[in-house]
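Observations on the model geometry
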Amino acid sequence: PSSDCVMAEQLCLSDSTCNATYRTLENCALAKTRLLSLDHDSRVRCLNAELDLGNSSLLHCKCHRRMKRQEHCLRIFWTVHSSMTDGYLNLETSPYENSANEEHWKTDYNKLAALVSGKNCSQLAGDATNPCLRATHICNLSKKCFRLRTDYASICTKGAASEDVCDRRKCHRGLRNFFEKVPEDFTKRILFCPCQDEFCGERRRKTIVPDCSFQYNTKPNCLWLLDSCLDDHICKSRLADFQQNCQPVDTSPDGCSLHNHAACLQAYMGMIGTPMTPNYVSNSSVEVSLWCTCENSGNQKEKCDQILGLFESNKCL
């Protein structure tokens, strides 16, 4: 079984041979972070160091989406697998443990049913025509869901009433906190609530406070968004996870290579709160996109279209 990368690093550092190899890989990863071009010998040395790990648990370690030292764990993973990021869409392996192996966050349905059947019954009954409003009220019945949703909403709306620009980084952190710490039974209800009218669709589209988390004054180029993402361990990891679990295949009946739509939706939720945060594009459809454009991409237009297409025309998603 795959080991936790933090534990694997500790084991490696206690062994002199593995320690030396790992330090070499750290230097290789650092050079890439600083965009330093490696000469041929250095590239070979980096690749050999990765191969030299052999059967080390570091080579097969993974991280968990809800772990405490997630960023540290992801840094270790990309140190070991830095050669995977040489080119666009080479993020073929997700650093995250398969969700089937992760701890399941179950809702106490008996407690929830008791709450719904009690004093909140009349309030919820009136939400029948707006599933997104109903999902919000169900979230409010959970102290954790209510608290974390209120936290990110207040952060992401600061500055909205004035000319001040919101703190996008803090807003993103608040959103990630919400989607990582609140059980998916609540978060999926809110994000993927089915709508029949535009009032409901508007509420769904504004779930992530798009003015702060999603939109810029002008649409940046999608290649700029990708570069911002690859510079961030969390975003790069979520993108790798998204590519692995939402890989579209035209020859497949459902358009999805892994045929696991639950894993794809989980990976999509993981992108929210990163520099490549997606969202619904209108109140009247379930189409999603990144807030970016491929205009003026020059000879990288095809590469740019690929990035945008991962979200806009992804049959799997």
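See the structure printed just above.
Cut-offs used in this document
Residues numbered from 1 in each chain as written. Predicted model: local features only at pLDDT ≥ 70, side-chain atom pairs only at ≥ 80, totals over all residues. Heavy atoms only, no water. Helix = DSSP H or I, 4+ residues; strand = E, 2+ residues; numbered from the N terminus. Buried < 20%, exposed > 50% of the residue type's maximum accessible area, 1.4 Å probe, protein only. Contact = heavy atoms within 4.5 Å. Areas by Shrake-Rupley, 256 points an atom, 1.4 Å probe, with all protein chains shown as cover. 1 Å grid on protein atoms, 1.4 Å probe; cavity = no way out; pocket = protein on both sides within 12 Å on 5 of 7 lines; lining within 4 Å. Points joined across faces, edges and corners; volume = space filled by probe spheres on them. Nonpolar A, V, L, I, M, F, W, Y, C, P; charged D, E, K, R; others polar. Disulfide = S-S within 2.5 Å. Arc of directions from axis to C-beta. Salt bridge = Lys/Arg side-chain N within 4 Å of Asp/Glu carboxyl O. Phe/Tyr/Trp six-rings, centres within 6.5 Å; stacked < 30°, edge-to-face > 60°. Axes fitted to C-alpha atoms, helices over the stretch in contact; angles between N-to-C directions. Parallel < 35°, antiparallel > 145°, perpendicular 65-115°, else oblique. Left-handed = near helix turned anticlockwise from the far one by under 90°.

Details of the overall build of the protein chain
- Counting its secondary structure elements, the protein chain contains 16 helices and two strands.
- A buried classification covers 46% of the 317 residues belonging to the protein chain.
- Of the contacts formed within the protein chain by residues at least 6 apart in sequence, a portion of 71% connects residues at least 24 apart.
- As presented, the protein chain carries roughly 17100 Å² of accessible surface, and 51% of it is formed by carbon and sulfur atoms.

Notes on empty space enclosed by the protein
- Under the criterion given, the structure shown has two cavities of 30 Å³ or more.
- R168, H172, S213, F214, Y216, L225, T274, P275, T277 and W291 are the residues that line the second largest cavity.
- In the lining of the second largest cavity, the residues fall into five nonpolar, four polar and one charged.

Some remarks on the state of the cysteines
- Taken as a whole, this structure holds 14 disulfides when the rule is applied.
- Disulfide partner of C5: C61, at an S-S distance of 2.0 Å. Where C5 bonds to C61 through sulfur, the torsion about that S-S bond is close to 90°, and the disulfide is right-handed. Of this pair, C5 sits in helix α1 (residues 5–13) while C61 is found in the loop between α3 (40–52) and α4 (70–80), placing the two residues 56 residues apart along the sequence.
- The class for C5 is buried, based on a relative accessible area of 0%.

What to know about helix α10 (residues 184–191)
- Restricting attention to buried positions, one finds in α10 the residues F186, T187, I190 and L191. The buried residues of α10 all sit within an arc of 115° when viewed along its axis, so they share a single face.

Let's talk about the pattern of salt bridges
- Tallied over the entire structure, the rule returns nine salt bridges.
- Linking E26 and R23 is a salt bridge whose minimum nitrogen-to-oxygen distance equals 2.8 Å. Placement of the pair is E26 and R23 together in helix α2 (residues 16–33), with a separation of three residues, close to one helical turn.
- We classify R23 as partly exposed; its relative accessible area is 38%.

Concerning the packing of aromatic side chains
- Enumeration according to the criterion identifies seven aromatic pairs in this entry.
- When the ring of F77 is compared with that of W78, the centres are 5.0 Å apart and the planes differ by 90°; the resulting orientation is edge-to-face. A single burial state applies to F77 and to W78, both of which are buried.
- With 5.9 Å between their ring centres and 85° between their planes, Y216 and W224 make a pair best called edge-to-face.
- The class for Y216 is partly exposed, based on a relative accessible area of 25%.
- Taken together, the ring pairs connect Y152, F178 and F179 into an aromatic cluster.

Quick notes on the packing of α4 against helix α14 (residues 233–245)
- Where α4 meets α14, the axes come as close as 9 Å, and the angle between the chain directions of the two elements is 70°. By the angle between their axes, α4 is roughly perpendicular relative to α14. Crossing hand, α4 versus α14: left-handed. Across the interface between the two elements, Q70, E71, L74, R75 and W78 of α4 pack against H233, I234, K236, S237, R238 and A240 of α14.
- Considered class by class, the residues forming the contact of α4 with α14 number four nonpolar, three polar and four charged.

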